[in-house]
Amino acid sequence: METMVNIFLYGKKYEVPSNLTIMGAMEYAGYQLVRGCGCRNGFCGACATIYRIHGDRELKVCLACQTKVENNMYIATLPFFPLVKQVYDINEVKTTEQVMMQLYPEIYACIGCNACTKSCTQGLNVMQYIAYAQRGDFEKCAEESFDCVMCGVCSSRCPAGISHPQVALLARRINGKYLAPACGHLEDRVKEIENGTFEELLESLMQKPIAEMKELYNTREIEK
C-alpha cells in the first residue's frame, strides 16, 4: 500500500502518493505539464513552483521536477516570469562595464537584500554574480551563474526589479565570444557540419529505432 498525502493544487484538494515529485503529483491528479518543461519536451527551469505547508508562514519556491510532495502542501506553479529581455547584437556588444549600464541599469539599484540568492532553486549565489556584473567581471559572473536554468524565481522576489537570468546570460555570451579561449576542434566540427560532411551519417541515424539509438548513445566514445 502506498502512503498517501493531501496536497492542494491551485486551491483544489487531491490525495496523491507521498513518493511523487510535485510534477509527478500534478500528473497523477490529471494535470499535464508539457509546454515549457524540459523533462516534458520543453525547456528546463519552466516548472518553477511556489508552495506553503499548512501551518507554516514561510512561502517557499522550488522546481516541481525535483521536489517531493508533503502533506498539506499548497501549490501554485510559475511556468513563466516576465523578465526584462533586452535586444542586442552580441557581435557589437562591448566587453566593458558600461554594457550593463546600457542594457540592464537596474542591477545598480540592488539593495543587497539577498532575496534572490535565498530563493534560487539551484542554490546559486545570485547576488554575488550580480555584483560581478556590476563590476564588469563577466568571466566570474558567467562562472557563478553557469548552472542557472532561468526559472525566474530570483527575479520574482527582487524589490529592485532585476532580471537576474538575463543579466547572467549576457555575461555568459560575452565570456563565450570574447573572453574564453577559442575551441579550435569545435570550430572545425561546425565547419564540417556546415559543409555536409555528416549528412549521410545523420540520415542513417534518423532511420534507426529508438532502442538502438539509446544503445549507441550509452556506448559512445566520450572525449576526455
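Whatever comes next refers back to the structure up there.
Residues numbered from 1 in each chain as written. Predicted model: local features only at pLDDT ≥ 70, side-chain atom pairs only at ≥ 80, totals over all residues. Heavy atoms only, no water.

Asks: An account of the overall build of the chain is needed here, citing residue identities and associated values.
Replies: The helix and strand inventory of the chain stands at 10 helices and five strands. The C-alpha atoms of the chain give 22 Å as radius of gyration, which overshoots the globular expectation for 224 residues (17 Å, by more than 25%). Taken along the three principal axes of its C-alpha coordinates, the chain extends 55 × 55 × 30 Å. Within the span of the chain, comprising 224 residues, buried residues form 34% of the whole. When contacts within the chain are restricted to residue pairs at least 6 apart in sequence, those whose partners lie at least 24 apart make up 56%. Element-wise, carbon and sulfur atoms account for 51% of the exposed surface of the chain, whose accessible area totals about 14,400 Å². Taken together, the 23 basic and 26 acidic charged side chains of the chain have centroids lying 9 Å from each other. (Helix = DSSP H or I, 4+ residues; strand = E, 2+ residues; numbered from the N terminus. Rg over C-alpha atoms; globule rule 2.2 N^0.38 Å. Buried < 20%, exposed > 50% of the residue type's maximum accessible area, 1.4 Å probe, protein only. Contact = heavy atoms within 4.5 Å. Areas by Shrake-Rupley, 256 points an atom, 1.4 Å probe, with all protein chains shown as cover. Lys, Arg positive; Asp, Glu negative; His and termini not counted. Charge placed at Lys NZ, Arg CZ, Asp CG, Glu CD.)

Asks: I'd like to hear about the environment of Ser 155, residue by residue, with values.
Replies: Following the sequence through the fold, Ser 155 ends up in helix α6 (residues 153-156). By relative accessible area, Ser 155 is classed as buried at 5%. Between the C-alpha atoms of Ser 155 and Leu 83, which are 72 residues apart in sequence, the distance is 7.4 Å. Not counting residues within four places of it along the chain, the set of residues in contact with Ser 155 comprises Phe 81, Leu 83, Ile 162, Ser 163, His 164 and Pro 165.

Asks: Before we move on, can you summarise the pattern of salt bridges with the specific residues and values?
Replies: Under the defined criterion, the tally for this structure stands at three salt bridges. We note a salt bridge from Lys 60 to Asp 56, for which the minimum N-O separation is 4.0 Å. Of the residues examined, Lys 60 reaches a relative accessible area of 26% and is grouped as partly exposed. Glu 192 is the partner of Arg 189 in a salt bridge, and the nearest nitrogen-oxygen pair spans 2.9 Å. Of this pair, Arg 189 and Glu 192 both sit in helix α8 (residues 184-194), three residues apart, which is roughly one turn of that helix. (Salt bridge = Lys/Arg side-chain N within 4 Å of Asp/Glu carboxyl O.)

Asks: With reference to specific residues and values, describe the pairing of strand β2 (residues 12-17).
Replies: In summary, the side chains of a regular strand alternate between the two faces of the sheet. The pairing of strand β1 (residues 4-9) with β2 spans six bridges and is classified as antiparallel. Bridge assignment links Val 5 to a residue of β2, and that residue is Val 16. Adjacent in sequence and paired antiparallel, β1 and β2 are bridged by two residues, among which Tyr 10 carries a positive phi angle near 55 degrees. (Pairing = 2+ DSSP bridges.)

Asks: Mind laying out the pairing of strand β5 (residues 73-77), listing which residues take part and the relevant values?
Replies: Judged by which residues are buried, β5 turns out to be one-sided: Met 73, Ile 75 and Thr 77 face inward and are buried, whereas Tyr 74 and Ala 76, on the alternate face, are not. Two strands pair when backbone bridges link them, and strand β3 (residues 48-53) and β5 are joined in this way by five bridges, in the antiparallel orientation. When the sheet's bridge partners are listed, Arg 52 is paired in β5 with Tyr 74.

Asks: Describe in detail unusual backbone geometry, supporting the description with residues and values.
Replies: Residues other than glycine seldom take positive phi values, yet Asn 72 does so here, at roughly 60 degrees. In this structure, Asn 72 sits in the loop between β4 (60-63) and β5. Here Asn 72 falls in the partly exposed class, since its relative accessible area comes to 26%. A positive phi is found at Asn 114, a non-glycine position, where the angle reads about 70 degrees. Its place among the elements puts Asn 114 in the loop between α2 (98-103) and α3 (115-119). A relative accessible area of 23% places Asn 114 in the partly exposed class.

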